[in-house]
Amino acid sequence: MNPTTTPEWAALAQEREAMRGFSLRKAFADDPARASSMTIEGAGWTLDYSKHLVTAGTMEKLRALARACKVEEKAAAMFSGEHINETEDRAVLHVALRALSGGAVVDKGTGKDVMPGVRAVLDKMAAFARAVRSGEWKGFSGKRVRNVVNIGIGGSDLGPCMASIALAPFSDRSIKLGFVSNVDATHFAETVRDMDPEETLFLVASKTFTTLETMDNANTAREWILQRYDGNPAAVAKHFVAISTAADEVAKFGIDTANMFGFWNWVGGRYSLPSAIGLSLMISIGPEAFLEMLSGYEAMDRHFRAAPLEKNLPATMALLGIWYNNFFGAESLAVLPYDQYLSRFPAYLQQLDMESNGKSTAKDGSRVTWQTGPIVWGEPGTNGQHAFYQLLHQGTKLVPADFIGFLRSHNPIGVHHVHLMANFFAQTEALAFGKTADEVRAEGTPEALVPHKTFEGNRPTSTLVAEKLTPATFGALVALYEHKVFVQGAIWDVFSFDQWGVQLGKVLAKKIIPELTSATPLAHDSSTNALIERFRAANR
Ligand code: G6Q
C-alpha cells in the first residue's frame, strides 16, 4: 500500500508545515513536563525523545500513520511464522531464535514448530563451546584451542564480530577471537599472523557455503592448517567446524557434518547473531552469558509486541526516523555510542538497516515515489566529537542522531566515566538548544565572530540509556533496532527481508575473475575494459 496516499500521510505533511517555526527552547520552556512525557522504557532501556522536533500532536499523527499502515498486524504476521519474505517465499522467524520462554512457533509454510530445532542447536552449541573453553576439545596435535577464528562475511560476520567486542568484559580472555571476512588476503594473513595453527580453530560461517569471499578464506585456512600437519587431511576435522544450512556443501569442503551447526532459511543473515552464527561469541562469553543475551533479545521482542505504540521503543524510534526521512528530507541517521565496547555497533547497524530498507521497489512491484531507508553511519561518541560533530552542530544538513550510553562503566577508572557521560549529556543539550547570537555577544565576542560562534540548535537527537552494558541489555538493544527497521519497512511498503541489490555486482565479479588471469578479448564498457587491461599489464 502506498503510504503517501493515506489521509494520515497528508496530515503529517500539514503538520510539517505547521512545525516550521518550532523551537526546542520554547517547547521546553513552555512545558516543564516535556522530558518526562517523552521518556519511555522497555527491556532495560530508557528512551528520551523529548529533544526531537515534535509535539505530542505530531507523535499522535505519526502513530496514526503506523496504524493506517497496519504495523501491529504486520508484526503479528512475522511473529506467527507467515511467509512475509514474499520474494524468497520464506518465513521471517529470527524472533524464534530467542523465544525460549514461550511455546511453539510454527513456520506457516511447513506447518512445523521450529522451537525443538532451535533448542537442539543451542544445546549442541553449548556443549561444543564448553568443550573448547575447558580445553577438552583439542587440535590435531593435542594442544588446546587458544584462537577461534570466524570466517564469514556480511550477516555471517558483522553480528558476532560486533558482539564479541561489545561483550568482551564477559569473555574468557585466554581465548583469542579473530574474524576474517574480506577476500583481500591481508585480512587472513594479518589475523593469523601471531597464531599457532595447532592452537587455532576455524568456524566457517556461511548460510549457503558458496559465498566467494568465505570459501576463498576457508580454503586458504585449510591450506594453512594442512601445511603445519604435512598435508594430513585428518587434521581438518579437529581445526574446522561449520555453521551453515547447507550440509552437502559442508561435507564437500571436508568438514565432518557432525561438527556442523545448523540454522534455517527463515533466519536472514543480518538477523542471525542469535543463531549458530553466534558460536564464536558463545565460545568467548560462555553459554550462560549467551543465553542471557537471548533473554535480553526476548525481553525487547515482548516489549515490542505488548507495549502500545505510545510506549513502544522500536515503534517510536521508527516513527521519528520517518518524520525526518520523509517530511524533512533528512538523508541519514547518525548512531553514536558513548561506549568503546559498542565501537562496531554502527557498522553492524549499517547492514541491518540499509540492507533491509535500502529498496526502491514497493511490495506490488512499482517504483516507490517516497523516500525509504536512511544512510546509517556513526562512530563512538567522543571520537566523533573531535571529527564530524562540527557538521552536526553547524552544518547545513539535518542529521538526526541516536545517542547511546550507560550509567555505569565496566572500567570505573579515575574520572573517565564522569567525563565520558558529561560529554554524552552535553552534546544533546548543545544540539537541541544551541547558543544564540545574543548569548555569544554577552560573552564579549567581537561582532565579526558572532555568526561563527552561534549555534542554531533545534538539531534532533534520541537519548538511549541503560544501567550497564550486559549481555541482556546488549541483546535488547540489537532487537530494538531490528524492530525499528521492521516498523519502517512496514510503513515504506518494502520487503525488508530480501537483498536482491547485492546480486548484480557478485555476478559481474564472477564473470571478470577469469578475464583477469587470461588474455581473452574484453567486451565491457570502455572504462571497465581499460581498468582490466591495466590490472593485466601490472600482473603479467
Ligand atoms: C544478510 C545477507 C548477507 C549474507 C552474506 C553471507 O542478510 O544475506 O550479508 O549474510 O552474503 O552469506 P552466507 O552466510 O551465505 O555466506
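Residues numbered from 1 in each chain as written. Predicted model: local features only at pLDDT ≥ 70, side-chain atom pairs only at ≥ 80, totals over all residues. Heavy atoms only, no water.

A word on the site of the ligand
Every one of the 13 residues lining the ligand counts as a neighbour, but S156, S206, T208, T211 and Q351 are closest to it. Here K207 contributes a backbone N or O atom positioned 2.7 Å from an oxygen atom of the ligand. Between the ligand and G269, the relevant distance is 3.4 Å, taken from an oxygen atom to a main-chain nitrogen or oxygen of the residue. For the ligand, whose free accessible area comes to 400 Å², the fraction covered by protein is 87%. (Near = heavy atom within 4 Å. Polar contact = N/O pair within 3.5 Å; in protein donor to acceptor, adjacent residues only side chain to side chain. Areas by Shrake-Rupley, 256 points an atom, 1.4 Å probe, with all protein chains shown as cover.)

Comments concerning the sheet that holds strand 11 (residues 375–377)
The mixed open sheet is built from 6 strands, whose spatial order is 1-2-13-12-10-11. Looking at the sheet topology across the chains shown, the edges are occupied by strand 1 (39–42) and strand 11. Across the sheet, the mean angle separating the axes of adjacent strands is 20° when strand polarity is ignored. With 4 bridges connecting them, strand 10 (residues 332–337) and strand 12 (residues 401–406) associate as parallel partners. When the bridges of strand 12 are listed, P337 appears paired with I404. In this fold helix 17 (residues 416–433) packs onto strand 12 and strand 13 (461–466), with an angle of close to 155° to the strand it touches most, strand 12. (Pairing = 2+ DSSP bridges. Helix = DSSP H or I, 4+ residues; strand = E, 2+ residues; numbered from the N terminus. Axes fitted to C-alpha atoms, helices over the stretch in contact; angles between N-to-C directions. Contact = heavy atoms within 4.5 Å.)

Here we look at the side chain of E515
With respect to the secondary-structure elements, E515 resides in helix 21 (residues 503–516). Although buried, E515 forms no salt bridge, and the nearest oppositely charged side chain, K511, lies 4.5 Å from it. Those residues in contact with E515 that sit more than four places away from it in its chain are T520, L522, H524, I532 and R536. (Buried < 20%, exposed > 50% of the residue type's maximum accessible area, 1.4 Å probe, protein only. Lys, Arg positive; Asp, Glu negative; His and termini not counted. Salt bridge = Lys/Arg side-chain N within 4 Å of Asp/Glu carboxyl O.)

Thoughts on the pattern of salt bridges
All told, the structure shown has 27 salt bridges when counted by the stated rule. Its salt-bridge partner being E15, residue K61 comes within 3.3 Å of it at the nearest N-O pair. One end of the pair, K61, is in helix 4 (residues 56–68); the other, E15, is in helix 1 (residues 7–18), with 46 residues separating them in the sequence. A relative accessible area of 10% means that E15 is categorised as buried. As a salt-bridge pair, D301 and R98 come within 2.8 Å of each other at their nearest N and O atoms. Taken together, the residues span a long stretch of sequence, with D301 in helix 12 (residues 279–306) and R98 in the loop between helix 5 (71–79) and strand 3 (106–107) at a distance of 203 residues. Taking the relative accessible area as the measure of exposure, R98 reaches 0% and is therefore buried. Residues participating in the shared-partner salt-bridge network are E60, R63, R67 and E310.

Quick notes on the packing of aromatic side chains
Enumeration over the complete set of coordinates arrives at 29 aromatic pairs. Between the aromatic rings of W45 and F406, the centroid separation amounts to 5.3 Å while the plane-to-plane angle is 65°, which identifies the pairing as edge-to-face. With W45 in strand 2 (residues 45–48) and F406 in strand 12, this residue pair connects regions lying 361 residues apart in the sequence. For the residue pair W45 and F406, the accessibility class agrees, reading buried in each case. An angle of 40° between the planes, with centres 6.3 Å apart, marks the rings of F486 and F497 as tilted. Remark: F497 occurs in the loop between helix 20 (471–492) and helix 21 and F486 occurs in helix 20; sequence separation between them is 11 residues. Of the residues examined, F486 reaches a relative accessible area of 6% and is grouped as buried. Joined through ring pairs, the aromatic side chains of Y338, W377, F388, Y389, F403, F424 and F425 make up one cluster. (Phe/Tyr/Trp six-rings, centres within 6.5 Å; stacked < 30°, edge-to-face > 60°.)

A few points about the sheet that holds strand 7 (residues 200–205)
Across the sheet, 5 strands lie side by side as 6-5-7-8-9; this open sheet has parallel pairing. Of all the strands in the sheet, just strand 6 (176–180) and strand 9 (260–262) have a single pairing partner and so form its edges. Across this sheet, the average inter-strand angle for adjacent strands is 20°, counted without regard to direction. Here helix 9 (residues 212–228) sits on the sheet and contacts strand 5 (147–151), strand 6, strand 7 and strand 8 (240–244); the angle it forms with strand 7, its principal contact strand, is near 160°.

The values are spatial; any link to function lies outside them.
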